[in-house]
Amino acid sequence: MVQHKFLGLMCWELEEYLSLPLLAFLAASAIIATLSYTAFSDPTPYSSLFWGSGTVLFILALVTGAFFARSYAGSIGKGEAKLMLSYPIKRSQLFLAKFAALFTAVFAIYIPVYYLHFYLDGLDAFDPMIFLALFGLLLELMLACSVAVGISMMTKSEITSILATVLLLFGLDSALGSRNLLSAQGRIFYLLQYFGEQLHGTPPFLGEPAVTANDTLLAVLVPIAVFAALIGGSFVYFTRYLEVD
Amino acid sequence: MSNNAFIVNTESLSKSFGKNFALKNLNLHVPKGITGFVGRNGAGKTTTIGVLLGLLKPTSGKASIFGLDCWKDSYQIRSKLGVMHETNAYPGGFTAKRYLEHVARIYGISQTEEHINAQLKAVDLWNVREKPIKTYSAGMFRRLGLAQALISDPELVILDEPTANIDPLGRATILSIIKEMNKKRGTSFLISTHILSDLEKVCSWLSIIDAGAIVDQGFVDELSSKYSANTYKIVVSNPQFLVEKLKSAEFIQKVWIEKEIVYCQVKNEAAFYSEVPKIATNLKLQLKTLQHMTGTIEEIYAKTAGGS
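If you're wondering where the values come from, they're calculated on a predicted model, not measured in any experiment.

About the criteria used
Residues numbered from 1 in each chain as written. Chains lettered and ligands numbered in written order. Predicted model: local features only at pLDDT ≥ 70, side-chain atom pairs only at ≥ 80, totals over all residues. Heavy atoms only, no water. Helix = DSSP H or I, 4+ residues; strand = E, 2+ residues; numbered from the N terminus. Pairing = 2+ DSSP bridges. Axes fitted to C-alpha atoms, helices over the stretch in contact; angles between N-to-C directions. Contact = heavy atoms within 4.5 Å. Parallel < 35°, antiparallel > 145°, perpendicular 65-115°, else oblique. Left-handed = near helix turned anticlockwise from the far one by under 90°. Buried < 20%, exposed > 50% of the residue type's maximum accessible area, 1.4 Å probe, protein only. Polar contact = N/O pair within 3.5 Å; in protein donor to acceptor, adjacent residues only side chain to side chain. Phe/Tyr/Trp six-rings, centres within 6.5 Å; stacked < 30°, edge-to-face > 60°. Lys NZ or Arg CZ within 6 Å of the ring centre and 35° of its normal. Salt bridge = Lys/Arg side-chain N within 4 Å of Asp/Glu carboxyl O. Patch = residues over 30% accessible without salt bridge, like charges linked within 9 Å, V, L, I, M, F, W, Y side chains within 5 Å. Areas by Shrake-Rupley, 256 points an atom, 1.4 Å probe, with all protein chains shown as cover. Lys, Arg positive; Asp, Glu negative; His and termini not counted. Charge placed at Lys NZ, Arg CZ, Asp CG, Glu CD. Buried area = accessible area lost by both parts, 1.4 Å probe. Core = buried A, V, L, I, M, F, W, Y, C linked by side-chain atoms within 4.5 Å.

Student: Help me out: how do you make sense of unusual backbone geometry in this one?
Tutor: A negative phi angle is the norm for most residues apart from glycine, just as the trans form is the norm for most peptide bonds. Residues and elements named next belong to chain B. Non-glycine residue N25 carries a positive phi angle of around 50°. Mapped onto the fold, N25 is located in strand β2 (residues 20-26). Notably, A211 is not glycine yet its phi reads approximately 50°, a positive angle. Mapped onto the fold, A211 is located in the loop between β10 (205-210) and β11 (213-219).

In structure tokens, the structure reads:
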């Protein structure tokens, strides 16, 4: 029954997005993001994996921030959460159903489009380096959605949450630069440079500095830790303390 | 009545937002049947409903429905409740039918199709069931709200301003549905509103809230007698003459005139009944009506919460 209700809520959430042109917008943004770069300053076989990720990560953070802020802060502000929590729905079910529905939608649209693009770009469809780039994209998705949900819980305002999420993510990335292990593009660089060397014997980006296993591990663990802390904290707040006015 | 006889109970319930208290020691009691929960805007009606639904945590005091704690046992309570909020937050892109299908699934209703069709017909939305909700009028929104609140055949339905912003015909439809559900299924209703004339037609119990506290509550008949026990209405051919004479009468406490009708608050009922016809005859006035007043909800409200 609980599982049935959870799936029902996920369907409700997804259908609500489908009834608005939001999923179409999401798909369009994914396609535009992956097709919007052409020139590489470092024409190695994996250039597109790294240089191409900049626009994709930019739009992914923007779209994810907007969608999650709309789903959480928007639903509290507009009275949707009040309506839903008047039904026999557990707060935990509502929180998780919203998260699962939206995360699945963004993931299911972005990852295949991004994947298809690299395949069309001439890379082997089963090249492990593609999956490493996709893993980097997944980490950015986790980071962006957790920041958006965390800020939504604090502000309960859709517009403020979107602006704060987007400015925070872009500000952080701009300040850190594309070679820093804490930035979105830097994370992909570390993954490709380290695992590329492990797989092929030489780092894929020869002009760039070599990276260590510890740094790569840190690049992966930081977004996962931020995700766990923010989503866990938001979940506890939503289920135990949130007052829906 | 003992507290066990009530399905909704609050004891010294307070709720503050920062330093502002929206509810102050509220003692609300709601029996089975149709209850009117009245008060002016900002009196604390919606906050009370928020606490009853477990959406807001009480600052102090207790709130219970069916004997269950509204904050801790909110989930169990909501499975026995239907709710219609004042704000319209229904998913605009859905059709009414699809929306009700989702709601029915949440309540675990089997034979969804039949049940939803019956509900759509009951609230007169059958013809627009396949249209997106965002195209609905204010009256349709309210009827959809009623349909989703009633879909699980709940024991209690809480309605927040069910007839606000809709035309007289729409209001009449909603009130007749409420009456019918109460009569046929025995559903209890807690209707929060500031449109008092609507309650006159349906409710048997009245709870009056002002500035976050209950000022009085009870069966409408009892409150009506209580607040109009010594008030009489007199219709005569020349009311001004009669008022001048009655002002000096010993058995009269207070006399006033409204729209050519004389109203009196009486100290001595027997003297009033024997003397008024004599006074009218002496003044050569035609006495058309001499009637004991039965207070309307509006009059009760005016005397308790000070509304106009």
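Student: Where do I start with the sheet that holds strand β4 (residues 34-38) of chain B in this structure?
Tutor: Sheet strands line up and pair through hydrogen bonds in the backbone, either parallel or antiparallel. All names here are of chain B. Pairing is mixed in the open sheet, where six strands are placed in the order β7-β8-β9-β4-β10-β11. Of all the strands in the sheet, the pair left with one neighbour each is β7 (81-84) and β11. The mean angle between the axes of side-by-side strands here comes to 15°, regardless of whether they run parallel or antiparallel. Bridging between β7 and strand β8 (residues 156-160) involves four bridges; their strand directions are parallel. Within the sheet, the bridge partner assigned to G82 lies in β8 and is V157. Along the sheet, helix α6 (residues 168-185) contacts β4, β8 and β9 (188-193); its crossing angle with β9, the most-contacted strand, is approximately 155°.

Student: Help me understand the packing of helix α6 (residues 91-120) of chain A against helix α10 (residues 213-241) of chain A, please; the structure alone is not making it clear to me.
Tutor: Residues and elements named next belong to chain A. For the pair α6 and α10, interaxial distance at closest approach is 8 Å and the crossing angle is 140°. Relative to α10, the element α6 is oriented oblique. Once α6 is placed against α10, the crossing between them reads as right-handed. Where α6 abuts α10, its residues R91, S92, L94, F95, L96 and F99 lie against F227, I231, S234, F235, F238 and T239.

Student: Explain the side chain of S192 of chain B here, please?
Tutor: All names here are of chain B. With respect to the element layout, S192 can be found in strand β9. Note on S192: relative accessible area 0%, which makes it buried. In this structure the side chain of S192 is engaged in a polar contact, spanning 3.2 Å, whose partner is the side chain of D160. Leave out the neighbours within four places in its chain, and S192 touches F37, K45, I49, L159, D160, E161 and P162.

Student: Hey, could you run me through the packing of aromatic side chains in this one?
Tutor: The description of two aromatic rings rests on the distance between their centres and on the angle between their planes. Summed over all chains, the structure comprises 26 aromatic pairs over all chains. Seen from their ring centres, Y87 of chain A and Y107 of chain B are 6.0 Å apart, and the 80° between their planes marks the pair as edge-to-face. Within this pair, whereas Y87 of chain A is found in the loop between α5 (80-84) and α6, its partner Y107 of chain B is found in the loop between α3 (96-106) and α4 (112-122), the two belonging to separate chains. With respect to class, Y87 of chain A is no different from Y107 of chain B; both count as buried. The rings of W12 and Y87 of chain A together with Y90, F94, Y99 and Y107 of chain B are connected pair by pair, giving a single aromatic cluster. Here the basic side chain of K121 of chain B rests over the ring of W126 of chain B, its NZ or CZ set 4.6 Å away from the ring centre. Note that K254 of chain B overlies the ring of W256 of chain B, its terminal NZ or CZ placed 5.1 Å from the centroid.

Student: Any chance you could explain the pattern of salt bridges here in plain terms?
Tutor: Any two side chains of opposite charge can pair, on the condition that their charged atoms come close. All names here are of chain B. Per the stated rule, a full pass over the model turns up 15 salt bridges over all chains. Here E113 ties to K97 by a salt bridge, and the two come within 3.1 Å at their closest N and O atoms. Separated by 16 residues along the polypeptide, E113 in helix α4 and K97 in helix α3 bring together distant segments of the chain. By relative accessible area, E113 is classed as partly exposed at 44%. Of the charged contacts in the structure, one is a salt bridge between K184 and E180, with a shortest N-O distance of 3.1 Å.

Student: Looking at this model, I keep getting lost on a negative patch on the surface. Mind explaining?
Tutor: All names here are of chain B. A cluster of acidic residues, E200, E258, E298 and E299, forms a negative patch at the surface. Tracing the sequence through the fold places E258 in strand β13 (residues 252-258). Taking the relative accessible area as the measure of exposure, E258 reaches 42% and is therefore partly exposed.

Student: I would appreciate a short explanation of the interface of chain A and chain B in the present structure.
Tutor: When the parts come together, some accessible area is lost, and that loss is often what is quoted as the size of the interface. Contacts between the two partners involve 27 residues from chain A, matched on the other side by 28 residues from chain B. Of the roughly 2,600 Å² buried where chain A meets chain B, counting both sides, 61% is carbon and sulfur surface. Counting the contacts that link chain A with chain B gives two salt bridges. Among the salt bridges present, the one from E243 of chain A reaches K15 of chain B, with a minimum N-O distance of 2.7 Å.

Student: Explain the nonpolar core here, please?
Tutor: Across soluble globular proteins, nonpolar side chains show a tendency to be buried alongside one another. Ranked by size, the top nonpolar core spans 150 residues in total, and within it Y87 of chain A together with Y99 and L206 of chain B carry the most contacts. V236, I252, V262 and C264 of chain B belong to the second largest nonpolar core, which has 19 residues in total.

Student: Sorry if this is basic, but what is going on with a nonpolar patch on the surface here?
Tutor: On the surface, L116, Y119 and L120 of chain A cluster together to form a nonpolar patch covering roughly 340 Å² of accessible area. Within the secondary structure, L120 of chain A sits in helix α6.

Student: Would you take a moment to explain helix α1 (residues 45-52) of chain B for this structure?
Tutor: Residues and elements named next belong to chain B. Burial runs high along α1: seven of the eight residues are buried. Of the residues making up α1, those classed as buried are K45, T47, T48, I49, G50, V51 and L52. G54 sits one or two positions beyond α1 and adopts a positive phi of about 80°.

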